[in-house]
Amino acid sequence: MPFARRETALLIFGDALLLITSLWLALVLRNFQLPTGSYFFEHLRAFVVVYGISFLIFFIAGLYEPQTRLVKRILGIRILGAQVTNTAIAAIVFFVLPLVIAPKTVLLLYLLISVVLISVWRFFVVPYLSIAETKSAVLIGEGEAYEEVLHALDGNSKYYVRFVDSIRPSTLMEGDLKTLIERHVQAGMRIVVLDTRNLVVRKELPSLYDAMLEGVDFVEFATFYEGLTDRVPLAHIDHAWLLEHLRRQNRVYAIAKRVIDIVGAFIGIILSAPFILLAVLGTAITGGGKIFIRHDRVGRDNKTFRIIKLRSMLFNDHGDPELQKKNRVTPFGKFLRKSRIDELPQLWNILVGDLSFIGPRPELPSIAAIYETEIPYYAVRHLVTPGLSGWAQIYDHDAPRGAADIARTARKLSYDIYYMKHRSFGLDMAIALKTLRALASLSGT
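Fair warning: this is a prediction, and the values are worked out from it, not measured in the lab.

Secondary structure assignment for the chain yields 19 helices and eight strands. Out of the 445 residues belonging to the chain, those deemed buried represent 47%. Long-range pairs, those at least 24 residues apart, make up 74% of the contacts in the chain between residues at least 6 apart in sequence. With the model as given, the accessible surface of the chain reaches about 22,800 Å², and the carbon-plus-sulfur share is 63%.

And the structure:
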């Protein structure tokens, strides 16, 4: 993305200054007086560990990534997720490890102040600095995703990039692309977003080398699209793209995620037991078939497993289209679905490893078979453990329900592959927070 190293360095310097300032202000509020130099530096030395962790989490959360800086709406999720993670880790550092000081009140004040200052810095100060000024760009490409990007940025001030021209390669003669870019460079343009998979563009790439040496930043269209929409452009990926971006397996991340799933599911089962018991009694009283139902789903490595749910419909139709016509949600089942209580038994699926808290939502085998035939690369979502919640569940508000829906599922897949490419602690934390908010508001998909 089009930002130089000095710009990242300035962001890091600003973050560091604000984190140190947050500690100083926390000491002021804690004691209602200005801290002495020795008192401040005593705490500063202890907070060095917290600062190091904070910057590590900031990097993991993507707060220094180009697309985060280009798209304002990504910042809120990333900052909140990063600071919640910092809170948990800092609490362990100060409350568990044997440090010289144990500033519980100072730590709480520091975390609250730092969230406010970092948010103000990124949202209201950085946009007015030269490093985040709206930059002129040229878009080169064609297709549905190309038109979607043009529409999204047309007159929209929430992005830090503005297209001064859009070029469709199919309308160009040989050599025209270089001429057009040179003309825009002379007018002050410094960013070119282009589809390198386009055959015309690929043929002209050698002629654009000189422009790169002159300071023009070339951004691959698929990468730009991801930062803009939080999903991948399915029409712009191929087998080579999948091998490059989905082949890596971070063993530390995988082990830690599984540990979190086991501990979280165990605690969740204990805490949710009273709600499940009440739901069982309510389902039994209102009549119908079995209280617990089991649905076949496709899991990791294309293996079938059974999720456990509380019955919210008249009977278990197993996804059969004819039986679905006779089935309906019961009045008590509507409450269970709205409150998500019917999903609580799936904590057992998480505990045994069939599900994770975060991942692509598992599909019925019969419908998955249709999608694997009709939607290119659909099966790649089975490379990871499916989840109770996920990126698509949070952001795709037009997800398919019931019978197979090719168009909507293709869109949902674009979110799933985005998650698979970028999955990390920071992204999982962002999804978890958004899921909690959806549960609290009784919304979401």
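For helix 10 (residues 221-229), a buried count of eight out of nine residues is recorded, marking the element as mostly surrounded by other parts of the structure. What helix 10 keeps buried is the set F221, A222, F224, Y225, E226, G227, L228 and T229. Residue E220 occupies the N-cap position of helix 10, its side-chain oxygen lying 2.7 Å from the main-chain nitrogen of A222. With its phi angle positive at about 65 degrees, D230 sits one or two positions after the end of helix 10.

Further remarks concern the nonpolar core. Of all hydrophobic cores here, the largest spans 30 residues; its most connected members are L19, L23, F47, Y51, F58 and Y110. Ranked by size, the runner-up nonpolar core spans 28 residues in total, among them W241, I358, A368 and M420.

Under the counting rule described, the total for this entry stands at 12 salt bridges. For the salt bridge of E147 with R168, the shortest nitrogen-to-oxygen distance reads 2.6 Å. Pair noted here: E147 is in helix 6 (residues 144-153) and R168 is in the loop between strand 2 (161-167) and helix 7 (176-186), with a separation of 21 residues, a long-range link. Residue E147 is classed as partly exposed on the basis of its relative accessible area, which comes to 36%. Residue classification places R168 among the partly exposed positions, given a relative accessible area of 30%. Notably, a salt bridge pairs R381 with D416, separated by 2.9 Å at the nearest N-O pair. Taken together, the residues span a long stretch of sequence, with R381 in the loop between helix 16 (365-374) and strand 8 (387-389) and D416 in helix 18 (residues 406-422) at a distance of 35 residues. Given a relative accessible area of 5%, R381 falls into the buried group. Residue classification places D416 among the buried positions, given a relative accessible area of 3%.

The subject of this paragraph is the sheet that holds strand 1 (residues 135-140). Pairing is parallel across the open sheet formed by four strands, whose spatial order is 2-1-3-4. Sheet topology places strand 2 and strand 4 (217-220) at the edges, where each strand pairs with a single neighbour. Between one strand axis and the next, the sheet turns through 25 degrees on average, direction left out of account. In this structure, strand 1 lies alongside strand 2, joined through six bridges in parallel fashion. Bridge pairing links V138 to D165 in strand 2. In the packing of helix 6 onto the sheet, the strands contacted are strand 1 and strand 2, and the crossing angle to strand 2 comes to about 140 degrees.

This next bit is on the pairing of strand 6 (residues 304-310). If a strand is regular, its side chains alternate between the two faces of the sheet. Within strand 6, five of the seven residues are buried, which leaves the element mostly enclosed by the surrounding structure. Of the strand pairs in this sheet, strand 5 (residues 292-298) and strand 6 are connected by seven bridges, and their pairing is antiparallel. From the neighbouring strand, V298 faces strand 6, where its bridge partner is T304. Linking strand 5 back to strand 6 in an antiparallel pair, the connection comprises five residues, with D301 at a positive phi of about 60 degrees.

Moving on, we get to the packing of aromatic side chains. Following the criterion strictly, the structure yields 11 aromatic pairs and no others. Taken together, a centroid distance of 4.4 Å and an interplanar angle of 50 degrees make the contact between W391 and Y395 tilted. Placement of the pair is W391 and Y395 together in helix 17 (residues 391-395), with a separation of four residues, close to one helical turn. An aromatic cluster is built from F47, Y51 and Y110, whose rings are joined through pairwise contacts.

Attention now goes to empty space enclosed by the protein. For the structure shown, the criterion picks out five cavities of 30 Å³ or more. Roughly 50 Å³ of internal volume is contained in the second largest cavity. Every residue lining the second largest cavity is listed: R361, E363, Y371, Y378, R381, T409, K412, L413 and D416. Sorting elements by how many residues they give to the lining of the second largest cavity places helix 18 first, with four residues. Class assignment of the residues belonging to the lining of the second largest cavity gives a composition of three nonpolar, one polar and five charged.

Next up on the list: helix 5 (residues 104-125). Its 22 residues give helix 5 an end-to-end C-alpha distance of 30 Å, which sits within 8% of 32 Å, the value for a rise of 1.5 Å per residue. Taken together, the buried positions of helix 5 are occupied by V106, L107, L109, Y110, L111, I113, S114, I118, S119, W121 and R122.

So, on to the side chain of T283. Within the element layout of this structure, T283 appears in helix 12 (residues 251-285). For T283, a relative accessible area of 2% translates into the label buried. Within the local environment of T283, its side chain forms a polar contact with the backbone oxygen of A279, the two atoms lying 2.8 Å apart. Among residues more than four places away in sequence, those in contact with T283 are I291, R311, F332 and L336.

Conventions we followed
- Within every chain, residues take consecutive numbers counted from 1 along the sequence as written.
- This being a predicted model, a pLDDT of at least 70 is required before a residue's local features are given, and a value of 80 or more before pairs of side-chain atoms are given or counted; all residues contribute to the totals for chains, interfaces and linings.
- For the side-chain quantities, the full set of heavy atoms in the structure was used; hydrogens and water were omitted.
- Labels follow the DSSP assignment, with helices taken as runs of H or I lasting at least four residues and strands as runs of E lasting at least two, numbered in each case from the N terminus.
- The cut-offs for exposure are 20% and 50% of the maximum accessible area for each residue type, with area from a 1.4 Å probe on protein chains only; residues under the lower value are buried, those over the upper are exposed, and the others partly exposed.
- Note on definitions: a residue-residue contact is assigned when non-hydrogen atoms from the two residues lie within 4.5 Å.
- Here the open area of atoms and residues is found with the Shrake-Rupley method and a 1.4 Å probe, where only the protein chains shown may cover a residue.
- Within 3.5 Å is the distance limit for a polar contact, defined as a pair of N or O atoms, with the added protein rule that one can donate a hydrogen and the other accept it, and that residues adjacent in sequence qualify only through two side-chain atoms.
- For the purposes of this section, nonpolar cores are sets of buried Ala, Val, Leu, Ile, Met, Phe, Trp, Tyr and Cys residues that join through side-chain atoms within 4.5 Å.
- Should a side-chain nitrogen of Lys or Arg be within 4 Å of a carboxyl oxygen of Asp or Glu, the pair is scored as a salt bridge.
- Each pair of strands is called paired provided DSSP finds at least two bridges between the two strands.
- Axis lines are fitted to C-alpha atoms, over the contacting stretch for helices. Their N-to-C directions set the angle, which ranges from 0 to 180 degrees.
- Working definition: a ring pair exists when centres of Phe, Tyr or Trp rings (six-membered ring for Trp) sit within 6.5 Å. Plane angles under 30 degrees give stacked, over 60 give edge-to-face, the rest tilted.
- Grid points spaced at 1 Å and placed over the protein atoms alone form the basis of the search, with a cavity being a set where a 1.4 Å probe fits but cannot get out and a pocket an open set showing protein on both sides within 12 Å along at least five of seven lines. Lining residues have an atom within 4 Å of a point.
- Grid points are joined across faces, edges and corners, and a volume is the space filled by probe spheres set on the points.
- Polar here means any residue other than Ala, Val, Leu, Ile, Met, Phe, Trp, Tyr, Cys and Pro, which are nonpolar, and Asp, Glu, Lys and Arg, which are charged; Gly is therefore polar.
- To estimate the expected span of a helix, subtract one from its residue number and multiply by 1.5 Å.

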